[in-house]
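# Notes for the structure review
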Amino acid sequence: MRCKKQTDNGKNLKSCLPTVSNFNHCIVKFRHNEKDYFIDPTMSSQEGDLEHMYTPNYHWVLPLDSSVNALEEMQFSSNFGIESDTYLTIGPGKKTGDMKIVTKYVGADADEMRSNLLSSSMDDLKETYIKYYKEYFPTIKLIDEIKIDDDKSNNILTVTENY
């Protein structure tokens, strides 16, 4: 079954009068193993199995089904977030050290980071990261290649940097 949704009115849609502009997008609803899923096929770089795929909260959908005459509240995934861990190693009496940063992007944030990686080169990514850290550590240098680990099934993308 296809459902139309709106992208601007969100929670307030149920109180709006029906208009073409209120339903300006199409998403797909399907049932699998006794559970309903909503998928937005227009989202690029979207990964994850059904349990880990992120779908934005559009709040209400209008099923395109002649037996339905009301809006349906949409179930959505709250699967998103960014975790970052920084490890500093400085030897006794030293003024310099090593810094390792591991950033884990989950759900929607993994999809967004994946999209960013597709639209820029690894050299661009390195340059952006080094420019950022030079604000705090003027002599910082990347000592290893940036590592990207993309667990597409669980929709988790991990970036590891070593300076």
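Refer to the structure presented above.
Basis of the calculations
Residues numbered from 1 in each chain as written. Predicted model: local features only at pLDDT ≥ 70, side-chain atom pairs only at ≥ 80, totals over all residues. Heavy atoms only, no water. Helix = DSSP H or I, 4+ residues; strand = E, 2+ residues; numbered from the N terminus. Buried < 20%, exposed > 50% of the residue type's maximum accessible area, 1.4 Å probe, protein only. Contact = heavy atoms within 4.5 Å. Areas by Shrake-Rupley, 256 points an atom, 1.4 Å probe, with all protein chains shown as cover. Phe/Tyr/Trp six-rings, centres within 6.5 Å; stacked < 30°, edge-to-face > 60°. Expected span 1.5 Å × (residues − 1). 1 Å grid on protein atoms, 1.4 Å probe; cavity = no way out; pocket = protein on both sides within 12 Å on 5 of 7 lines; lining within 4 Å. Points joined across faces, edges and corners; volume = space filled by probe spheres on them. Nonpolar A, V, L, I, M, F, W, Y, C, P; charged D, E, K, R; others polar. Pairing = 2+ DSSP bridges. Core = buried A, V, L, I, M, F, W, Y, C linked by side-chain atoms within 4.5 Å.

## Considering the overall build of the protein chain
- Assigned secondary structure in the protein chain consists of two helices and nine strands.
- The helix and strand sequence of the protein chain, counted from the amino end, reads β-β-β-β-β-β-β-α-α-β-β.
- Counting only residues that meet the buried cut, the protein chain has 34% of its 163 residues in that class.
- Put simply, of all contacts in the protein chain between residues at least 6 apart along the chain, 49% involve residues at least 24 apart.
- Per element, the accessible surface of the protein chain, about 10,600 Å² overall, is 50% carbon and sulfur.

## Some points on the packing of aromatic side chains
- Throughout the structure, instances matching the rule amount to five aromatic pairs.
- Residues Tyr 132 and Tyr 133 carry aromatic rings whose centres are separated by 5.0 Å and whose planes lie at 80° to one another, so their mutual orientation is edge-to-face.

## Regarding helix 1 (residues 108-119)
- The end-to-end C-alpha separation of helix 1 is 17 Å, in line with the 16 Å expected for twelve residues at 1.5 Å each.
- Along helix 1, the residues that are buried comprise Ala 108, Asp 109, Ala 110, Asp 111, Met 113 and Arg 114.
- Contact partners of the buried residues in helix 1: strand 6 (80-90), strand 7 (97-107), helix 2 (122-134), strand 8 (147-151) and strand 9 (156-162).

## Some details on the layout of surface pockets
- Considering only enclosed or pocket space, the largest pocket measures out at about 350 Å³ in volume.
- As for the largest pocket, its lining consists of 13 residues, and the residues nearest its centre are Thr 96, Gly 97, Asp 98, Phe 137 and Ile 140.
- For the lining of the largest pocket, the secondary structure elements donating two or more residues are strand 6 and strand 7.
- Here the lining of the largest pocket takes three residues from strand 7, the largest share from any one element.
- Across the lining of the largest pocket, the residue classes tally to seven nonpolar, three polar and three charged.

## Quick look at the pairing of strand 3 (residues 35-39)
- Burial of strand 3 is extensive: four of the five residues sit out of reach of the surface.
- In the sheet, strand 2 (residues 25-32) pairs with strand 3 via five bridges, with the strands oriented antiparallel. Across the sheet, Lys 29 pairs through a bridge with Phe 38, a residue of strand 3.
- Counting the residues between successive antiparallel strands, the hairpin from strand 2 to strand 3 contains two residues, one of them, Asn 33, with a positive phi of roughly 50°.

## Let's talk about the side chain of Thr 160
- Relative to the assigned elements, Thr 160 resides in strand 9.
- Accessibility expressed as a relative area gives 14% for Thr 160, which makes it buried.
- If sequence neighbours within four positions are ignored, Thr 160 has contacts with Lys 100, Ile 101, Val 102, Glu 145, Ile 146 and Lys 147.

## Observations concerning the nonpolar core
- By size, the foremost hydrophobic cluster in this structure holds 13 residues, and its most contacted members are Tyr 105, Met 113, Tyr 129, Val 159 and Tyr 163.
- Of all the secondary-structure elements, those providing two or more residues to this core are strand 7, helix 1, helix 2 and strand 9.
- Counting residues in each nonpolar core, the second largest holds five residues, with Ile 27, Phe 38, Val 61 and Met 74 among its members.

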